[in-house]
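Commentary on secondary and tertiary structure
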Amino acid sequence: MRMYDIISKKRDKEELSKEEIEFFVEKYTNGEIPDYQTSALLMAIYINGFTKEETANLTMAMVNSGDVVDLSMIDGIKLDKHSTGGVGDKTSLILVPMVAAAGGKVAKLSGRGLGHTGGTLDKLESIPGFDISVEEDKFKEMVQNAGLVIAGQTQNLVPADKKIYALRDVTATVDSIPLIAASIMSKKIASGSDAILLDVKYGEGAFMKTAENAEELAKAMVSIGKSLGRNTSAAITLNGEPLGYAIGNALELKEVIEILKGKGPEDLRELVLQLGSRMLMLGELVETMEEGRIKLEKCLEDGSALAKLRELAVLQGGDPSVIDNSELFTISPLTHEVKATKEGYVYALNAEKVGISSLLTGAGRHTKEDDLDYGAGIILEKKMGDYVRVGDVLATLYSSDESKFEKAEEELLSAYTIADEKAVKAPIIHKMI
């Protein structure tokens, strides 16, 4: 078998066999196939696409390139949840403890943030002492006994994906539905869960800008999951404006705790109740969404969901005092109010620009090597539909460096569209697949 023949076959819009895909993944991961040939194949895939079978075969070839977590010895259906990322997207930090409190077993491997979207691991590390590195035996023990774990991926989990993604990033082949789907699902399959809920976001703050593109990606991932024996479902959700009011790391954790106390912003609360209900259905813990919602609302009201977040923090070395009293989180000491320069309704709030503004305060990374200011970020005061007058506070910026405020304010002001008419908000969940 030759890489040259595989490239020419896909160039000519022919379907690659399972053996050809496995050959490519194995040899490229091992360094036997050069970048220039892999780049040619990736571009051929980008232009000509992959069938469902090809995409599933690529996914499993990447899964088999490294370690696979075996959770088969744990009782019950093991659940996982993945979000394609959005501004203010703190749903995993609410869903995992909430679903665990309702009797689910959630094994979650998460990533860091880069660019304008925050990462779940970065937010958790704003809890003093929290360790995102969990050895496999402890990972399994936490899922079995506590019903939850949120950890970082090991270096040898799906190494093929890491290598292929790095090449896609510099060859303009990132925006390929089959390649995105295989990348995401290879990590979900390798982490060992039986059932997977995908939160595929669309809108200004998301990777997918339209509901149609998000639905195409969601269908591709659900198809992969089901073809590989995982009960998979997807929600197409809107991220036109940020979720909730907090953007940052410690600031978002404070909002997470409010939701887990049964309070917090209505948009975020509604989203996690709907996603959580679907997870309970995937775990065969309830038969209907309505039954799931009642069960989850009870976990919020009786404090058991918040207790699970506290348990997660303790088991992973974190200081639980910040969960007990969120005022103990270290928030950046300098603040700056961003005020409206025009009167009217907030007609639109561009989540991507808000995310960039948060990054500029020090809450995000430009490169993987950047240090984070865990207490930096934004608290929004006004969102879509709110009426504002000149001088009203739109948001408060937090940072440890006063020089960061000027550019962050400029970016944030550009995120707001203020008009005479009130916008009609679209439902936060567009469709369930």
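Provided above is the structure to which this section pertains.
Residues numbered from 1 in each chain as written. Predicted model: local features only at pLDDT ≥ 70, side-chain atom pairs only at ≥ 80, totals over all residues. Heavy atoms only, no water.

Let's shift gears to empty space enclosed by the protein. Under the definition given, this model contains 2 cavities of 30 Å³ or more. In this structure, the second largest cavity occupies an estimated 60 Å³ of space. If you trace the second largest cavity, you find it lined by F24, L42, I45, L58, M62, D161, I164, R168, L179, A182 and S183. Mapped onto the lining of the second largest cavity, the elements with two or more residues apiece are α3 (35-48), α4 (52-63), α8 (159-170) and α9 (177-190). (1 Å grid on protein atoms, 1.4 Å probe; cavity = no way out; pocket = protein on both sides within 12 Å on 5 of 7 lines; lining within 4 Å. Points joined across faces, edges and corners; volume = space filled by probe spheres on them. Helix = DSSP H or I, 4+ residues; strand = E, 2+ residues; numbered from the N terminus.)

Right, let's get into the sheet that holds strand β5 (residues 231-238). Strand order in the open sheet made by the 6 strands is β3-β2-β1-β4-β5-β13, with mixed pairing throughout. The open sheet has two edge strands, β3 (148-152) and β13 (429-432), and neither has a second partner. In this sheet, neighbouring strand axes are inclined to one another by 20° on average, regardless of whether the strands run parallel or antiparallel. As judged from the 8 bridges shared by strand β4 (residues 195-202) and β5, these two strands associate in the parallel manner. Each residue of the ladder has a partner; that of A195, found in β5, is N231. Sitting on the sheet, helix α10 (residues 211-227) touches β4, β5 and β13, and the angle it makes with β5 is about 170°. (Pairing = 2+ DSSP bridges. Axes fitted to C-alpha atoms, helices over the stretch in contact; angles between N-to-C directions. Contact = heavy atoms within 4.5 Å.)

Another aspect to go through is the nonpolar core. In this structure, L58, I127 and F139 are the most contacted members of the largest nonpolar core, which totals 107 residues. The greatest single-element share of this core, amounting to 9 residues, is contributed by α9. Residues V87, V346, V388 and A408 belong to the second largest nonpolar core, which totals 22 residues. (Core = buried A, V, L, I, M, F, W, Y, C linked by side-chain atoms within 4.5 Å. Buried < 20%, exposed > 50% of the residue type's maximum accessible area, 1.4 Å probe, protein only.)

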